[in-house]
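Chain by chain, the residues run as shown.
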Amino acid sequence: MKHIIRNIVVALLMIFFYATTYAEETLQDTVIYSRSCKFSESIDILGFEKRLKDKNELYIVRNNTQYTITLIKLRVFYKTANDEMLDYRDVTLTGEFLSQTTKQFEVESFDKGKRYYYYQSAEQNPKLEGYPFKITYELLRYDVAVTK
């Protein structure tokens, strides 16, 4: 009788151990454990453009990760040439953004009155009066596309 009880206990422990191990392996398949680079280095703005009369801003962005990204959220700071803050806002860029590639995104400008131009934009018309600005940014978030 002792042998039967012992065999049943061993069998139950084996079933429990197998079920626990299998459950942990199944959960691990759905989690991304590593990034190809640090979070702050995952996304770069390689270029930016906003001329005086433009209603949109153009961002040229690079995906430095090994993943396809579907959304990028940046906090963009607009500053004068003397580094005085003009404004800031959160900008969301959406669309499929392949790994290790560069993509252009166009979004509505912060400058509703069309009084400012990016200080490195293409030659401005000297007859038009406007104020130069520059930007800095902080990466807040990016979403990775999980595919099979």
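To keep things clear, this report deals only with the structure shown in the data block. (Residues numbered from 1 in each chain as written. Predicted model: local features only at pLDDT ≥ 70, side-chain atom pairs only at ≥ 80, totals over all residues. Heavy atoms only, no water.)

### Focus on the nonpolar core
Okay, step 1: Formed by 22 residues in total, the largest nonpolar core has its most connected members in Ile43, Tyr59, Val61, Ile72, Leu93 and Phe133.
Okay, step 2: Of all the secondary-structure elements, those providing two or more residues to this core are strand S1 (43-49), strand S2 (56-63), strand S3 (69-79), strand S4 (85-97), strand S5 (102-108), strand S6 (116-118) and strand S7 (131-144).
Okay, step 3: Here this core takes five residues from S3, the largest share from any one element.
Okay, step 4: When residues no more than four places from it in sequence are discounted, the contact partners of Tyr59 are Ile45, Gly47, Phe48, Val76, Tyr78, Arg89, Val91, Lys103, Gln104, Phe105 and Val107. (Core = buried A, V, L, I, M, F, W, Y, C linked by side-chain atoms within 4.5 Å. Buried < 20%, exposed > 50% of the residue type's maximum accessible area, 1.4 Å probe, protein only. Helix = DSSP H or I, 4+ residues; strand = E, 2+ residues; numbered from the N terminus. Contact = heavy atoms within 4.5 Å.)

### With respect to unusual backbone geometry
Okay, step 1: Positive phi outside glycine occurs at Asp83, with the angle close to 65°.
Okay, step 2: Examined against the element boundaries, Asp83 turns out to sit in the loop between S3 and S4.
Okay, step 3: Unusually for a residue other than glycine, Lys114 sits at a positive phi of about 55°.
Okay, step 4: Its place among the elements puts Lys114 in the loop between S5 and S6.
Okay, step 5: On the accessibility criterion, Lys114 (33% relative accessible area) is partly exposed.

### Quick word on the sheet that holds S5
Okay, step 1: With antiparallel pairing, three strands are arranged side by side in an open sheet as S1-S2-S5. Every other strand in the sheet has two partners, leaving S1 and S5 as the edge strands with one partner each. Strand after strand, the sheet turns through a mean of 30° between neighbouring axes, direction not considered.
Okay, step 2: Two strands pair when backbone bridges link them, and S2 and S5 are joined in this way by seven bridges, in the antiparallel orientation. Paired with Tyr59 across the two strands is Phe105, which belongs to S5. (Pairing = 2+ DSSP bridges. Axes fitted to C-alpha atoms, helices over the stretch in contact; angles between N-to-C directions.)

### Some points on the packing of aromatic side chains
Okay, step 1: Per the counting criterion, the structure on display carries 13 aromatic pairs.
Okay, step 2: Consider the rings of Phe48 and Phe133, whose centres lie 6.1 Å apart with planes at 80°: the pair is edge-to-face. Pair noted here: Phe48 is in strand S1 and Phe133 is in strand S7, with a separation of 85 residues, a long-range link.
Okay, step 3: Ring geometry for Tyr116 against Tyr131: centres 5.6 Å apart, planes inclined by 45°, an arrangement best described as tilted. Of this pair, Tyr116 sits in strand S6 while Tyr131 sits in strand S7; the two residues are 15 residues apart in sequence, bridging distant segments of the chain.
Okay, step 4: Chaining the aromatic ring pairs together yields one cluster made of Phe48, Tyr59, Tyr78, Phe110, Tyr116, Tyr118, Tyr119, Tyr131 and Phe133. (Phe/Tyr/Trp six-rings, centres within 6.5 Å; stacked < 30°, edge-to-face > 60°.)

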